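# Descriptive structure summary
Take a look at the letters that make up each chain.
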Amino acid sequence: MVSSGAAAVASDTGAPADNFPSKLEIRNLTIRYGHTVALRGVNLAVREHEIFGIIGPANAGKTSLLKAINRMDVFTSGMKVDGEIRFNGRDTSRLSNVYALRSRIGVVFPLPVGLPMTVYDNVALSPRLRGIKSKADLDVIVQRCLTRAALWDEVKDRLHALGSLLSGGQQQRLTIARALSQEPDLLMLDEFSIAVDPVTTMRIEDVLKELRQEVTILLVTNLVQQARRLADRTAFFLNGECVEVGVTEDLFTGEVKDQRTRDYVEGRFG
Amino acid sequence: MGTSTQALSNRATDARVTEDFDRRDFDWYVDKLVAGLVFVCGISAILFVLGIFFFVTKEGIGFVFEKMDFREFFLTPYWSPSDAEDPEYGILALMAGTASVTGLAMLVAVPFSLGAAIFIAEFASGKTREVLKVLVELLAAIPSVVWGFIGLVIMNPLLIKWFDIPVGLCVLNAGIILGLMAAPIMTSIAEDALKAVPDRYREAAEAMGATRWQVIYKVVLPAAKNGLLGGVLLGVGRGFGETMAVLMATGHAVNIPNSVFDSVRALTATIAAELGEAVVGGEHYQVLFTIGIFLFLVTFIINLSADLIVRGIRKG
């Protein structure tokens, strides 16, 4: 179906009339759950092949943002999304086939979800949904994705054990491998390192740096230092507002527009 | 923030990616088709229920509007529909029969099935657990006429011998039989509810030094209360609607019971016993269907209140 990797980068033709400059453009996005406002008038743009960090305390609306981008609002009763989200220039609220959108966006949620099938089938699920049947092709994809997610060495001898029986950290890496198996155009990680030990976190971070060549990454994290290590630019969210978007290093060296950002990254918050 | 994005601007849009977002492929249509099919199945369930309600109402409604005296119907205990001169249609005694038998059955079944469920889910392990589960499910499959037979042939003489009463077909007999009958299914549902409580809750409580019973009482039971309540109400529904066993074990005598040793007659058993001999379309026939409407409404109210209670719990 859709090729991955370097080939996708080169596509420079056939741009639609309303040529959008960014991979992901969010305009005036407001998300409500009933009467509760989770996100209020957020504007931001994520460029192709950057790692875009989102930091902020709990209840900042970070997860709601990811759900809206992936059109998960369809599943969440009471969730109402206003404003515009453009992915590759397309308004995601006006698509004939949201499944196609989701299949191009990989999401890693905070708590690991090993689906109740074998490790191999977990990773092969998305390629199979895309119609890849050849065992040889699937083997290659499974090995590549598991290797990238820093899990291959630990599970290569038990690919046919249940994925839901792996340890928490392993399941999280399995989740990442599954997201990678989608060959996503955009990879969204929501506090992926919660259930992973520091060494593995570092290995995954290295992988993310490499992946930047191929996919755009949206990294929600509650570890500000992780954002500093990885993100090219970073947005600071607070209580449903996007307080500031800037080059990550600027935020950490004090070149901020808003004092609250400085307080947060320096840990003087609250 | 929008101003600093020119560097990458022209390569950002990958046309091949966005094309897919508008193409409704085979999988998309399969999805719609399946959604349509399950919708039809879901709707047809509702249609069947409405159809049954419509039929029962159609047969009984003539009596309700033309001849029925609500006071006589609900508040007098005289049931003599075959009296040619002056038939009487008071269902108070029948309601008392159903209520007393169902109530006693729940007194037997609730503690019994809850205890069994707690044992299977929390204490038993390995083989014991598996064997017990299979046995309980086997018990649930025993036909009600067999239970009625046990009531008639085994319980009846036993009760006469133990309590020195003239007839052993009574509220006690039917209540025990009905309780034993409802217990397996209630156990099965309660056990599912307990098993659905995640082990991490138990571990968190056990790690604080709570005893096994404290864990069950303070953590597991509250977490499972929706399912447990669902099981109990299903049992009530079962007892309320049960016909054959009740017909055989109650003694089938129109009577407001003074003690558990009195014979009674249940609403359902009355319909089953008399519908065959009532003239189709006649008054007696219509009255029996009126009882059917009443049963239908009460079942509906039980289920509805169960649903509301469970929702209320969920909110709290």
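Residues numbered from 1 in each chain as written. Chains lettered and ligands numbered in written order. Predicted model: local features only at pLDDT ≥ 70, side-chain atom pairs only at ≥ 80, totals over all residues. Heavy atoms only, no water.

All right, on to the overall build of chain A then. Helix and strand content of chain A: eleven helices and ten strands. Judged by the C-alpha coordinates and their principal axes, chain A covers about 55 × 45 × 40 Å. Expressed as a percentage of the 270 residues in chain A, the buried residues total 57%. Nonlocal contacts in chain A, meaning residues at least 24 apart in sequence, comprise 67% of its contacts between residues at least 6 apart. Approximately 11,400 Å² of chain A is accessible, and the part contributed by carbon and sulfur atoms is 53%. Of the side-chain charges in chain A, 34 are positive and 33 negative, and the distance between the mean point of each set is 4 Å. (Helix = DSSP H or I, 4+ residues; strand = E, 2+ residues; numbered from the N terminus. Buried < 20%, exposed > 50% of the residue type's maximum accessible area, 1.4 Å probe, protein only. Contact = heavy atoms within 4.5 Å. Areas by Shrake-Rupley, 256 points an atom, 1.4 Å probe, with all protein chains shown as cover. Lys, Arg positive; Asp, Glu negative; His and termini not counted. Charge placed at Lys NZ, Arg CZ, Asp CG, Glu CD.)

Okay, the layout of surface pockets next. Rolled over the atoms, a probe with the dimensions of a water molecule shows which regions are left empty. Computed from the structure, the largest pocket encloses a volume of approximately 1,000 Å³. In this structure, the largest pocket is lined by 29 residues; those nearest its centre are Tyr99(A), Arg102(A), Ser103(A), Leu129(A) and Gln182(A). Mapped by element, the contributors of at least two residues to the lining of the largest pocket are helix H3 (98-103), strand S6 (105-108), helix H4 (119-129) and helix H7 (168-181) of chain A together with helix H2 (26-66) of chain B. Among the elements that take part in the lining of the largest pocket, H3(A) stands out by supplying four residues, more than any other. The residue inventory of the lining of the largest pocket, partitioned by class, reads 14 nonpolar, seven polar and eight charged. When residues of the lining of the largest pocket are assigned to domains, at least three fall in each of domain 1 (1-11 + 20-104 + 186-194 + 207-270) and domain 2 (112-183) of chain A. (1 Å grid on protein atoms, 1.4 Å probe; cavity = no way out; pocket = protein on both sides within 12 Å on 5 of 7 lines; lining within 4 Å. Points joined across faces, edges and corners; volume = space filled by probe spheres on them. Nonpolar A, V, L, I, M, F, W, Y, C, P; charged D, E, K, R; others polar. Domains from an automatic or database assignment.)

Turning our eyes to something else, we now look at the pattern of salt bridges. Residues and elements named next belong to chain A. If you walk through the whole model with that rule in mind, you get 31 salt bridges over all chains. Between Lys-23 and Glu-48 there is a salt bridge; the shortest N-O distance is 3.2 Å. Of the two residues, Lys-23 is situated in the loop between helix H1 (6-10) and strand S1 (24-33) and Glu-48 in the loop between strand S2 (36-46) and strand S3 (51-55); the sequence distance between them amounts to 25 residues. Take Lys-23: its relative accessible area is 0%, and that puts it in the buried class. Put simply, Glu-25, Arg-27, Glu-84 and Arg-86 are held in one network by salt bridges that share partners. (Salt bridge = Lys/Arg side-chain N within 4 Å of Asp/Glu carboxyl O.)

All names here are of chain B. The final tally for this structure, using the stated rule, is three cavities of 30 Å³ or more. There is about 50 Å³ of room inside the largest cavity. Val-110, Ser-113, Leu-114, Met-186, Ala-190, Leu-228, Gly-231 and Val-232 together form the lining of the largest cavity. Broken down by secondary-structure element, the contributors of at least two residues to the lining of the largest cavity are helix H4 (92-123), helix H7 (171-195) and helix H9 (212-241). A per-class count over the lining of the largest cavity returns six nonpolar, two polar and no charged.

Residue and element names in this part refer to chain A. Tracing the backbone through its elements, the reader meets Thr-175 in helix H7. Here Thr-175 falls in the buried class, since its relative accessible area comes to 4%. Considering only alpha carbons, one finds Thr-175 and Glu-249, 74 residues apart in sequence, at a separation of 29 Å. When residues no more than four places from it in sequence are discounted, the contact partners of Thr-175 are Val-108, Pro-112 and Val-113.

Residue and element names in this part refer to chain A. In this fold, Arg-178 is placed in helix H7. It turns out Arg-178 is buried and unbridged, and the closest side chain with the opposite charge, Asp-121, is 12 Å from it. Residues contacting Arg-178, with those up to four places away along its chain left out, are Val-113, Gly-114, Leu-115, Asn-122 and Val-123.

Another aspect to go through is a nonpolar patch on the surface. Residue and element names in this part refer to chain B. On the surface, a nonpolar cluster with roughly 590 Å² of combined accessible area is contributed by Phe-39, Val-40, Ile-43, Ile-46, Leu-47 and Leu-50. Assignment of secondary structure puts Val-40 in helix H2. Residue Val-40 is classed as exposed on the basis of its relative accessible area of 51%. (Patch = residues over 30% accessible without salt bridge, like charges linked within 9 Å, V, L, I, M, F, W, Y side chains within 5 Å.)

With that out of the way, let us pick up the sheet that holds S1(A). Residue and element names in this part refer to chain A. Taken together, the four strands give an open sheet; going across it, the order is S2-S1-S4-S5, and neighbouring strands pair in antiparallel fashion. Unpaired on one side and paired on the other, S2 and strand S5 (90-91) mark the two borders of the sheet. Across seven bridges, S1 lies against S2 in antiparallel orientation. Within S2, the residue paired with Tyr-33 across the bridge is Thr-36. Against the sheet, helix H2 (residues 62-69) touches S1, S2 and strand S4 (79-87), its axis set at about 115° to S1. (Pairing = 2+ DSSP bridges. Axes fitted to C-alpha atoms, helices over the stretch in contact; angles between N-to-C directions.)

This next bit is on the packing of helix H5 (residues 135-148) of chain A against H7(A). Residue and element names in this part refer to chain A. Between H5 and H7, whose axes approach to 8 Å, the crossing angle comes to 130°. Relative to H7, H5 is oriented oblique. Seen from above, H5 lies across H7 with right-handed handedness. For the pair H5 and H7, the contacting residues are Ile-141, Cys-145, Leu-146 and Arg-148 in the first and Leu-174, Ala-177, Leu-180 and Ser-181 in the second. Split by residue class, the contact of H5 with H7 holds six nonpolar, one polar and one charged. (Parallel < 35°, antiparallel > 145°, perpendicular 65-115°, else oblique. Left-handed = near helix turned anticlockwise from the far one by under 90°.)

A separate point is the environment of Val134(B). Residue and element names in this part refer to chain B. Mapped onto the fold, Val-134 is located in helix H5 (residues 126-140). Val-134 sits in the exposed class, given a relative accessible area of 52%. Sequence separation between Val-134 and Ser-188 is 54 residues; the distance between their C-alpha atoms is 9.9 Å.

All right, on to the domain arrangement of chain A then. Reports of interface size often rely on the accessible area that becomes lost once the parts have come together. Residues and elements named next belong to chain A. For chain A, the domain assignment lists domain 1 (1-11 + 20-104 + 186-194 + 207-270) and domain 2 (112-183). For domain 1 versus domain 2, the distance between C-alpha centres works out to 25 Å. Taken over both partners, the interface formed by domain 1 and domain 2 buries close to 930 Å², and the fraction arising from carbon and sulfur atoms is 54%. Counting every contact that joins domain 1 to domain 2 gives one salt bridge. Between Glu-214 and Arg-148 there is a salt bridge; the shortest N-O distance is 2.8 Å. (Buried area = accessible area lost by both parts, 1.4 Å probe.)

Further remarks concern the environment of Ala278(B). Residues and elements named next belong to chain B. Examined against the element boundaries, Ala-278 turns out to sit in the loop between helix H11 (267-274) and helix H12 (283-315). Relative accessible area serves as the criterion here: at 9%, Ala-278 is assigned to the buried category. Sequence separation between Ala-278 and Pro-81 is 197 residues, and the spatial gap between their C-alpha atoms is 9.2 Å. Residues contacting Ala-278, with those up to four places away along its chain left out, are His-284, Tyr-285 and Leu-288.

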